[in-house]
Amino acid sequence: MQEHIVKSYDKDLENLKLLLIKLIESVTEQMSLLIYSISNNSIEIASSIIEKDININKLNSDINLSCINIFTLRSPVAYDLRLVFSASHISINLERIGDNIKNVAKHQLVLSSHSNSIEQKFFEMMSLILSMLKNLNLAITTIDVNIADSIAKEDKNIDILYTTICSLSLEKMEAKPNKTNSLSNYLMMSRFLERIGDHIVTITKYIKYIDTGKF
Amino acid sequence: MSTEVKKITIQNLNVFYNKIQALFDINLYIIEKQVTALIGPSGCGKSTFLRCLNKMNDLIEGCNLSGSITISNQEIINNNINPVLVRTKVGMVFQKANPFIKSIYENIAYPIKIHGMYKDKKDIENKVLESLSKVGLLDEVKNRLHESATLLSGGQQQRLCIARAISINPEVILMDEPCSALDPIATAKIESLIEELSTNFTIIIVTHSMQQAARISQNTAFFHMGNLVEFGKTKEIFNNPKNKRTEDYISGRIG
């Protein structure tokens, strides 16, 4: 993309992109910590995930403020318009992903007993989301439609894992009614992960829109 | 949904100033009762193009045109059509307001009389008042209709010129940067007026303000170095232009 005649305009857009990358990196880090926290049953790390969510909310506010400033002061058009409009929506979706990660961490704190088969599927789900988030970082940095497309396709596997966890949990609940509490926690946690998959798909649609101008 | 009717069709238009070619093989159509904005850097040919539409280039020595321009299916280049007749159908408003050094009233009554539209004094007066009312100027000037038009503010003078242009019932109105010398309030009034007038007239406007083109037009044509680079719906041009030169120009990049 050519430089703007007004150089400070380029700087504004560059700063916006940097903020967005910082946000996706923070969300990805939270997801890595979540996997570590659940693997090691660490109350401290789960608590730190919950505390750090405020930084993600702050970054989202900064990005939205930056978008409003660019709309007001630069009146962006064409690619610039699509970039700024999409940055705001991508940021909101990343913030929601952060909320879902925080919610899983909250439920981890009350997780009392484990079920190997469900746990295995749950870890598969978390690993897949982490890999999707890492690729999303690359897709946002390079505005690459092909990467965005391949990320979106992975959501189908998230949905399959979610359905599997639901059926496994229901089976176990019937067999061992005394474990219903713990199992319902897994159900809730996997529901949060499933929502993360949906937010990632929405973000890939905005990446596509930036590049092609079409939804 | 209203159907779009082509009011003006331009085919293979080439314009030369002596040996220098100013426009290269322009093909374009103008939709009836819509606003079409012409954008592009200085010297790109948009004003030259605008002047072709009411035969004003005929007044420039050494200016030669080839190709075809039809307005309501009437060819205006390749025949001996009377330029005055074309300009009756195609009015023009310029960058700088140019009222006659006459009273506000006479500024409008004069062209009505010259074109022989009405002879009866009462009919002329009605038409003057109607034209002033259409541009939202009547309430502002009704108590000083016989004062000199040059005493009006810049924005009022420009609206008076628009009133003068519409008083003789043209089909098309050409506007060459009509707001470039006006403050934001006067500009907003003209823009609002253009929107209202487009229900009855076909309007073509040259503007250097991208935001103005985006605000007021339904169609936009981007000219660069005498070529028509891109023409399409304004929403498409400003959201997702097809051509990289258009993208670079409208977003203020070095092209």
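All of the points below concern the structure found in this document. For clarity, every value in this text was computed on a predicted model and none was experimentally measured. (Residues numbered from 1 in each chain as written. Chains lettered and ligands numbered in written order. Predicted model: local features only at pLDDT ≥ 70, side-chain atom pairs only at ≥ 80, totals over all residues. Heavy atoms only, no water.)

### Brief notes about empty space enclosed by the protein
All names here are of chain A.
Part 1 of the argument: What the rule picks out here adds up to one cavity of 30 Å³ or more.
Part 2 of the argument: If you add up the space inside the largest cavity, you get close to 40 Å³.
Part 3 of the argument: The wall of the largest cavity is formed by Lys-17, Leu-20, Leu-83, Ile-90, Ile-140, Ile-143, Ile-207 and Ile-210.
Part 4 of the argument: When contributions to the lining of the largest cavity are tallied by element, the ones reaching two or more residues are helix H1 (7–39), helix H3 (78–109) and helix H6 (180–212).
Part 5 of the argument: Taken together, the residues of the lining of the largest cavity sort by class into seven nonpolar, no polar and one charged. (1 Å grid on protein atoms, 1.4 Å probe; cavity = no way out; pocket = protein on both sides within 12 Å on 5 of 7 lines; lining within 4 Å. Points joined across faces, edges and corners; volume = space filled by probe spheres on them. Helix = DSSP H or I, 4+ residues; strand = E, 2+ residues; numbered from the N terminus. Nonpolar A, V, L, I, M, F, W, Y, C, P; charged D, E, K, R; others polar.)

### Regarding the sheet that holds strand S9 (residues 219–224) of chain B
All names here are of chain B.
Part 1 of the argument: Ordered by their spatial adjacency, six strands build an open sheet running S6-S7-S8-S3-S9-S10, and the pairing between neighbours is mixed. The open sheet is flanked by strand S6 (90–93) and strand S10 (227–233), the only strands paired with a single partner. Adjacent strand axes in the sheet meet at a mean angle of 15 degrees, parallel and antiparallel pairs treated alike.
Part 2 of the argument: Direction of pairing for strand S7 (residues 172–176) relative to strand S8 (residues 202–206): parallel, over a ladder of five bridges. The residue of S8 that forms the bridge with Asp-176 is Val-206.
Part 3 of the argument: Contacting strand S3 (35–39), S7 and S8, helix H7 (residues 184–197) runs over the sheet at an angle of about 150 degrees to S8. (Pairing = 2+ DSSP bridges. Axes fitted to C-alpha atoms, helices over the stretch in contact; angles between N-to-C directions. Contact = heavy atoms within 4.5 Å.)

### A few points about the interface of chain A and chain B
A common way to state how big an interface is: give the accessible area lost once the parts meet.
Part 1 of the argument: Taken residue by residue, the interface counts 18 residues in chain A and 13 residues in chain B.
Part 2 of the argument: Taken over both partners, the interface formed by chain A and chain B buries close to 1300 Å², and the fraction arising from carbon and sulfur atoms is 48%.
Part 3 of the argument: Looking at the side of chain A facing chain B, the largest losses of area belong to Gln-2, Val-77 and Ala-78 of chain A, adding up to 37% of the total buried there.
Part 4 of the argument: As a salt-bridge pair, Asp-80 of chain A and Arg-253 of chain B come within 2.8 Å of each other at their nearest N and O atoms.
Part 5 of the argument: At the surface where chain A touches chain B, the tally comes to nine residue pairs in polar contact (both at pLDDT 80 or more).
Part 6 of the argument: A total of five residues in the side of chain A that touches chain B trace back to one element, the largest contributor, which is H3 of chain A. (Buried area = accessible area lost by both parts, 1.4 Å probe. Salt bridge = Lys/Arg side-chain N within 4 Å of Asp/Glu carboxyl O. Polar contact = N/O pair within 3.5 Å; in protein donor to acceptor, adjacent residues only side chain to side chain.)

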